[in-house]
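Chain by chain, the residues run as shown.
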Amino acid sequence: MLRPMLVDQLGRPLRDLRISVTDRCNLRCTYCMPASVFGPDYAFVPRSDLLTFEEIERLARLFVSLGVRKLRLTGGEPTLRRDLSDLVARLARLEGVQDLAMTTNGLLLPRLAPDLKAAGLRRVTVSLDSLDPQVFGQMNGLGIHPQQVLDGIEAALQAGLGVKINTVVQRGVNDQGLRELWLALRAQAPVRFIEFMDVGNHNGWNMDSVVPSSEVLARLGADSETPVFDSLVPDYRGEVAARHRDAQGHEVGLISSVTAPFCGDCSRARISAVGALYTCLFASSGTDLRAPLRGGASDAELLTLLSGVWGRRTDRYSEERGEQTRQTKVEMSYIGG
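Reading guide: rules and limits
- Residue numbers restart at each chain and count upward from 1, following the sequence in its written direction.
- Residues qualify for local features only when their pLDDT is at least 70, as the model is predicted, and side-chain atom pairs are given and counted only at 80 or more; totals for whole chains, interfaces and linings, by contrast, use all residues.
- The basis for the side-chain values is all heavy atoms of the structure; hydrogens and waters are excluded.
- UniProt positions are given in the numbering used here, feature names are shortened, and annotations may be inferred rather than shown by experiment.
- The helix count covers DSSP runs of H or I at least four residues long, the strand count covers runs of E at least two residues long, and both are numbered beginning at the N terminus.
- The contact criterion used is simple: two residues touch if any of their non-hydrogen atoms lie within 4.5 Å.
- Burial here depends on accessible area, computed with a 1.4 Å probe over protein chains only, as a share of the maximum for the residue type. Under 20% is buried, over 50% is exposed, and the range in between is partly exposed.
- In this analysis, rings of Phe, Tyr and Trp, with Trp reduced to its six-membered ring, are considered paired at centre separations within 6.5 Å, and the interplanar angle assigns stacked below 30 degrees, edge-to-face beyond 60, and tilted for intermediate values.
- Pairs of N or O atoms within 3.5 Å make up the polar contacts considered here, provided that, within protein, one atom can donate a hydrogen while the other can accept it, and that residues adjacent in sequence are counted only when both atoms are side-chain atoms.
- Strands were regarded as paired on the criterion that DSSP finds at least two bridges between them.
- Between the N-to-C directions of two axes lies an angle of 0 to 180 degrees, each axis being a line fitted to C-alpha atoms and, for a helix, fitted only over the stretch in contact.
- Salt bridge criterion: a side-chain nitrogen from Lys or Arg within 4 Å of a carboxyl oxygen from Asp or Glu.

- As recorded by an unreviewed UniProt entry, the protein chain carries the name GTP 3',8-cyclase and is attributed to Deinococcus malanensis.
- Comment text from UniProt for the protein chain, heading Catalytic activity (unreviewed entry), reads "GTP + AH2 + S-adenosyl-L-methionine = (8S)-3',8-cyclo-7,8-dihydroguanosine 5'-triphosphate + 5'-deoxyadenosine + L-methionine + A + H(+)".
- The Sequence similarities (unreviewed entry) comment attached to the protein chain in UniProt states, word for word, "Belongs to the radical SAM superfamily. MoaA family."

Shown next as structure tokens:
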């Protein structure tokens, strides 16, 4: 018997689930985990508090029964979670999952990509904010050279994984090198430029630091006398990136959460590494799933809980955002991007 489609208070279906597997990261990107806050003495979550692979698999199966079709592993940096390929294999076997992906900084992909692909991972989205070593080193907080990320991208491609590249754009930081990055990487994978967002509580966001996606696109085609890009029709409702293609068939995506919010089509739920369910990237609080999981709740009881949370959902923070953030928000390192 088919379940009726689960929708929230604004008629948005539940289709995507992002699962954080750790709150730790091997970078300190200024827009996510600045070293001034997440320093050597920062108290990360004890391993015993993290959801086990069995618990993640159980929750994912229940979400799939409610309509989720896409699973994405996030962090922190998900490749830091030990035996990650075992979790990938568990999730890949779930009936109804149409896509299984991961967001990563790419540093560990030269070692892990083949096993992740063999376990059933289909795609990775790799973060790379600049090809300039000084700029990238500043943005990642640890002086990591961009070649290390490029090696990870190449390893993923060699392993047969689909690859997309994400670049967070900040005015006065990395915006001068966008065209160089696009030209260098466009033949390898679609590049997506993301407007700087006020995620978390420590990244110093303000509107002056936002480079609108329309300006980014103009910069990519700056040397041409004619329009460089054709707009592409979205592949599905809720696709976050507005996609464009150049004359050679290279794809670029623009994620415009600030200047062109897409809350009206958002179909994403997020589970933190400790099992809290969040219905928005900018949420202030989540719903504890770990306690009922470990307290003996039945599948039916958990389904009632999940359905109720989504059914009451009204989140549309990006459509309501002012020039200053207006609330304390969950850190992105807890629930991924």
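**Some thoughts on the UniProt feature "binding site: [4Fe-4S] cluster 1" (unreviewed entry) in the protein chain**
Reasoning step 1: When the UniProt feature table is mapped onto this chain numbering, "binding site: [4Fe-4S] cluster 1" (unreviewed entry) sits at Cys 25, Cys 29 and Cys 32.
Reasoning step 2: Residue placement: Cys 25 occurs in the loop between strand E1 (16-20) and helix H1 (53-65).
Reasoning step 3: Among residues more than four places away in sequence, those in contact with Cys 25 are Met 33, Gly 76, Glu 77, Leu 80 and Asn 105.
Reasoning step 4: Within the secondary structure, Cys 29 is located in the loop between E1 and H1.
Reasoning step 5: Cys 29 sits in the buried class, given a relative accessible area of 14%.
Reasoning step 6: Here Cys 29 is in contact with Pro 34, Met 139 and Asn 140, once residues within four sequence places are set aside.

**Side note on the packing of aromatic side chains**
Reasoning step 1: Using the criterion set out here, one finds four aromatic pairs in the structure.
Reasoning step 2: Plain terms: the ring middles of Phe 38 and Tyr 42 are 4.6 Å apart, the flat faces sit at 50 degrees to each other, and that makes the pair tilted.
Reasoning step 3: On the basis of relative accessibility, which here comes to 2%, the residue Phe 38 falls in the buried class.
Reasoning step 4: The exposure class of Tyr 42 is partly exposed, given its relative accessible area of 24%.
Reasoning step 5: Residues Tyr 42 and Phe 44 carry aromatic rings whose centres are separated by 4.9 Å and whose planes lie at 70 degrees to one another, so their mutual orientation is edge-to-face.
Reasoning step 6: Residue class for Phe 44 comes out buried when judged on its relative accessible area of 17%.
Reasoning step 7: Clustering of aromatic rings is evident, with ring pairs tying together Phe 38, Tyr 42 and Phe 44.

**Thoughts on the UniProt feature "binding site: S-adenosyl-L-methionine" (unreviewed entry) in the protein chain**
Reasoning step 1: The feature "binding site: S-adenosyl-L-methionine" (unreviewed entry), as given by UniProt, occupies Tyr 31, Gly 76, Ser 127 and Met 197 in the numbering adopted here.
Reasoning step 2: Here Tyr 31 shows up in the loop between E1 and H1.
Reasoning step 3: Among the secondary structure elements, Met 197 is positioned in the loop between strand E6 (191-195) and helix H7 (213-220).
Reasoning step 4: In this structure Met 197 comes out as buried when scored by relative accessible area, which is 16%.

**Considering the environment of Glu 215**
Reasoning step 1: Structurally, Glu 215 is set in helix H7.
Reasoning step 2: A distance of 2.9 Å separates the side chain of Glu 215 from the side chain of Arg 171, its partner in a polar contact.

**Thoughts on the sheet that holds strand E5 (residues 162-169)**
Reasoning step 1: In space, the twelve strands of this open sheet follow the order E7-E8-E9-E6-E5-E4-E3-E2-E1-E10-E11-E12, with mixed pairing throughout. The sheet is open, and its two edges are formed by strand E7 (230-231) and strand E12 (287-288), each paired on a single side.
Reasoning step 2: Its contacts with the sheet place helix H2 (residues 84-92) against E1, strand E2 (70-74) and strand E3 (99-104), and it is angled at close to 170 degrees to E2.
Reasoning step 3: Across the sheet, H7 touches E5, E6, strand E8 (242-245) and strand E9 (251-255), and the angle it forms with E9 is around 155 degrees.

**A short note on the pattern of salt bridges**
Reasoning step 1: Per the stated rule, a full pass over the model turns up 14 salt bridges.
Reasoning step 2: For the salt bridge of Asp 99 with Arg 123, the shortest nitrogen-to-oxygen distance reads 2.5 Å. You can see Asp 99 sitting in strand E3 and its partner Arg 123 sitting in strand E4 (residues 123-127), a full 24 residues away along the chain.
Reasoning step 3: Between Arg 219 and Glu 215 there is a salt bridge, and its shortest N-O distance comes to 2.7 Å. Of this pair, Arg 219 and Glu 215 both sit in helix H7, four residues apart, roughly one helical turn.
Reasoning step 4: Judged by relative accessible area, Arg 219 falls into the partly exposed class, the value being 22%.
Reasoning step 5: Each of Asp 8, Arg 12, Arg 313 and Asp 315 takes part in salt bridges that share partners, so that together they form one network.

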